[in-house]
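Spelled out from the first residue to the last, the chains are:
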Protein chains: 2
Amino acid sequence: MIYSFHELVDSVKNAGRRIAVAVAQDAEVLIAVRKAADLGIVHPILVGEEAQIKSIAAELNISLSGMEIINEADKVEACRKAVKLVHDGDADVVMKGIVDTSVILKAVLDKDIGLRESPVLSHVALFGVEGFDRLLYITDAAMCIAPDVEQKAHIINNAVKVAHALGNENPIVTCLCAVEKVNPKMQATLDAQELVERNKRGEIAGCTVCGPLALDNAVSEEAAKHKGITDPNAGKADILLVPYIEAGNIFYKSLTYMAKAQNAGMIVGAKAPVVVTSRADSDETKLNSIALAIAVAANKA
Amino acid sequence: MIYSFHELVDSVKNAGRRIAVAVAQDAEVLIAVRKAADLGIVHPILVGEEAQIKSIAAELNISLSGMEIINEADKVEACRKAVKLVHDGDADVVMKGIVDTSVILKAVLDKDIGLRESPVLSHVALFGVEGFDRLLYITDAAMCIAPDVEQKAHIINNAVKVAHALGNENPIVTCLCAVEKVNPKMQATLDAQELVERNKRGEIAGCTVCGPLALDNAVSEEAAKHKGITDPNAGKADILLVPYIEAGNIFYKSLTYMAKAQNAGMIVGAKAPVVVTSRADSDETKLNSIALAIAVAANKA
């Protein structure tokens with residue numbers, strides 16, 4: 001099982017998987033894939049405007065050696081071509097370059113050249129927080145706005161596959177709420193109860209679902225004990241399911257900006273992970289995200 | 001203006017305000033009020049079962065000197081008596097002892113002996129986060145489950161009064177969302193837009209309301225600049241309005257458990273602040289919370 005980003009990056013060194021970068025004419029993305037290529041993690045296939053890619057690389061002194069370039073000036077077409085590479089088995093992972101996420105996701109969801117698999121695409125973020133002995137998964141902080149219980153079940157399944165790929169065979173999934181008791185006025189607690197039951201009935205498999213729990217009692221055994229919570233999985237969360245996008249987004253950003261935690265993220269639920277780093281991400285986060293996607297893709301293959 | 005908890009506690013040393021503790025027969029609460037009394041912040045009036053209060057104090061070697069005791073074994077009655085002390089002007093602040101928050105709030109909302117003022121009672125948490133040059137207010141992480149825009153306006157007003165009491169005459173209130181653009185599928189962004197307009201029309205006064213902004217662009221000027229956000233108040237938030245209780249609760253606890261931030265909290269919107277520390281709070285948090293409530297009460301008087 002992988003317990004840290006250091007171990008994660010190490011685990012995919014020399015994996016040599018193919019990453020198709022959609023609309024690759026972007027300095028920051030080129031820097032990230034160059035670093036990943038230098039570590040042997042990926043063989044990049046850059047889909048985009050070739051002249052621009054070459055001029056950006058030259059300007060920043062980024063070597064393009066070992067990288068394939070597919071010249072495509074149109075951004076929609078570049079996304080479709082990058083996704084189709086994965087669809088056809090010619091790449092393992094797709095990564096967003098300088099294009100809106102919605103454009104690449106449209107290609108991912110295309111019935112002919114796309115990568116549809118789960119009924120729900122969701123975002124999984126991985127965090128390494130100081131003082132924690134394991135990586136924490138947060139889902140969904142970026143894709144699903146206000147998922148119903150059905151969508152939450154898919155979001156859990158999507159995240160569980162990531163945990164499995166990282167060697168955690170039975171992750172603890174905690175449905176985060178503001179309280180520990182089911183309260184009909186709080187939909188998140190009702191959904192938590194239902195998701196726990198579905199897990200007990202085997203309808204959500206490969207993990208142990210618990211909740212409702214507030215964050216302190218989800219991640220701290222000491223806090224849970226102090227509060228007299230008897231759930232044996234309290235304090236042991238691996239995957240933290242948030243009730244709505246705002247809760248996840250605020251959580252994600254508080255860990256990044258206030259707890260200074262290391263992180264990685266990607267979109268899952270398609271046949272291959274989609275790496276969607278943002279400009280605000282550090283170089284480290286971008287490398288971690290590529291490593292995470294490759295670990296998941298390698299586990300699938 | 002008060003920029004840190006150190007300054008906050010300093011500002012109320014020797015304030016000598018009266019704090020009525022409801023159901024005071026609790027070791028942790030007695031430790032906290034003793035410490036606050038020793039600093040001259042409060043004169044405690046302990047309402048509860050006198051024999052138990054004395055035996056707990058004796059066992060823990062806590063001196064009760066300078067503290068008044070009102071013997072009342074019944075918890076509901078003890079809450080009502082403590083609240084009535086504030087109602088009658090015989091105390092400045094009420095603090096919850098070993099009783100459910102709902103019981104004390106029922107007394108606070110009582111038409112005869114209570115402390116009704118704003119149409120909405122809300123929770124305000126104050127955080128000192130490493131790397132930040134100011135205290136951050138989070139509201140509402142503990143009381144209002146899913147406030148509508150009307151309730152959010154009251155929640156803002158309640159928090160703004162706290163900021164004023166701490167010398168921040170025009171706090172920046174940021175309506176936290178997952179995105180920066182108004183999106184009809186995201187109620188939080190619609191509410192943010194409406195609250196900004198109400199502030200511009202002067203219906204929400206004493207502050208500058210902005211948003212929708214995600215947390216990074218709310219608190220980091222660098223992040224906002226990086227993302228090309230033109231709102232001059234981006235990155236400068238004092239008060240962070242969360243869209244619903246789970247977002248606030250997760251945020252609050254991520255700051256406490258993961259960012260190891262110092263904090264204080266209380267319920268506002270009544271004629272006097274209500275201190276509702278929990279057993280999980282550190283001694284420091286309890287003292288900070290008493291100091292915060294006293295600063296607010298002293299500003300009112």
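Everything numeric in this text was worked out from a predicted model, so none of it was measured.

(A) Highlighting the side chain of Ser 118 of chain B. Residues and elements named next belong to chain B. Looking at the secondary structure, you find Ser 118 in the loop between helix H5 (101–108) and strand S5 (122–128). A relative accessible area of 16% means that Ser 118 is categorised as buried. Within the structure, Ser 118 has its side chain in polar contact with the backbone oxygen of Val 120 (distance 3.1 Å). Engagement of the side chain of Ser 118 in a polar contact is seen with the side chain of Asn 158, the distance being 3.4 Å. Apart from the residues within four sequence positions on either side, Ser 118 is in contact with His 154, Asn 158 and Gly 269.

(B) Fine view of the relation of the copies chain B and chain A. For the pair chain B and chain A, the relating rotation is 180 degrees, the translation along its axis is 0.0 Å, and the fit reaches an RMSD of 0.0 Å. On the angle and the small slide along the axis, the relation comes out as a two-fold axis. Both copies contact each other with a shared surface, as 100% of the interface residues of chain B are interface residues in chain A too.

(C) Highlighting the pairing of strand S1 (residues 17–22) of chain B. All names here are of chain B. Where S1 meets strand S2 (residues 42–48), six bridges bridge the pair, whose relative direction is parallel. Each bridged residue has a counterpart across the sheet, and for Val 21 the counterpart in S2 is Leu 46. In terms of handedness, the path from S1 via helix H2 (residues 27–38) over to S2 forms a crossover that is right-handed. As paired elements, S1 and strand S4 (residues 93–96) share four bridges and run parallel to each other. From the neighbouring strand, Ile 19 faces S4, where its bridge partner is Val 93.

(D) Quick look at the interface of chain B and chain A. In this complex, chain B contributes 36 residues to the contact, which on the side of chain A involves 36 residues. Of all residues in chain B, Glu 246, Ile 250 and Met 258 of chain B bury the most surface against chain A, accounting for 24% of the area lost on that side. Counting the contacts that link chain B with chain A gives three residue pairs in polar contact (both at pLDDT 80 or more). For the side of chain B that touches chain A, the secondary structure elements donating two or more residues are helix H8 (215–219), helix H9 (221–226) and helix H10 (245–257) of chain B.

(E) Up close: H5 of chain B. All names here are of chain B. All of the buried residues along H5 are Ile 104, Leu 105, Ala 107 and Val 108. Down the axis of H5, the sector holding all buried residues measures 155 degrees, keeping them to one side. Residues of H5 that are exposed and point more than 90 degrees away from the buried face comprise Ser 102 and Lys 106. On its buried face, H5 is in contact with S1, helix H4 (75–87), S4, strand S10 (262–268) and strand S11 (274–275).

(F) Quick peek at helix H6 (residues 149–165) of chain A. Residue and element names in this part refer to chain A. Over its 17 residues, H6 extends 25 Å from the first C-alpha to the last, a length consistent with the 24 Å expected when each residue adds 1.5 Å. Restricting attention to buried positions, one finds in H6 the residues Val 149, Lys 152, Ala 153, Ile 155, Ile 156, Asn 158, Ala 159, Val 160, Val 162, Ala 163 and Ala 165. Capping the start of H6 is the job of one residue whose side-chain oxygen sits 3.2 Å from the backbone nitrogen of Glu 150: Asp 148.

(G) A look at the environment of Val 182 of chain A. All names here are of chain A. Inspection of the secondary structure puts Val 182 in the loop between strand S7 (172–176) and helix H7 (187–200). A residue is classified by how much of its surface remains accessible, and Val 182, at 36% relative accessible area, is partly exposed. Expressed as a C-alpha distance, the spacing of Val 182 and Lys 84, which sit 98 residues apart in the sequence, is 45 Å. Among all residues touching Val 182, those that are not within four sequence positions of it are Thr 189, Leu 190, Gln 193 and Pro 212.

Thresholds applied
Residues numbered from 1 in each chain as written. Chains lettered and ligands numbered in written order. Predicted model: local features only at pLDDT ≥ 70, side-chain atom pairs only at ≥ 80, totals over all residues. Heavy atoms only, no water. Helix = DSSP H or I, 4+ residues; strand = E, 2+ residues; numbered from the N terminus. Buried < 20%, exposed > 50% of the residue type's maximum accessible area, 1.4 Å probe, protein only. Polar contact = N/O pair within 3.5 Å; in protein donor to acceptor, adjacent residues only side chain to side chain. Contact = heavy atoms within 4.5 Å. Least-squares fit on C-alpha atoms with pLDDT ≥ 70 in both. Pairing = 2+ DSSP bridges. Right-handed = clockwise from strand over helix to strand, strands pointing away. Buried area = accessible area lost by both parts, 1.4 Å probe. Arc of directions from axis to C-beta. Expected span 1.5 Å × (residues − 1).

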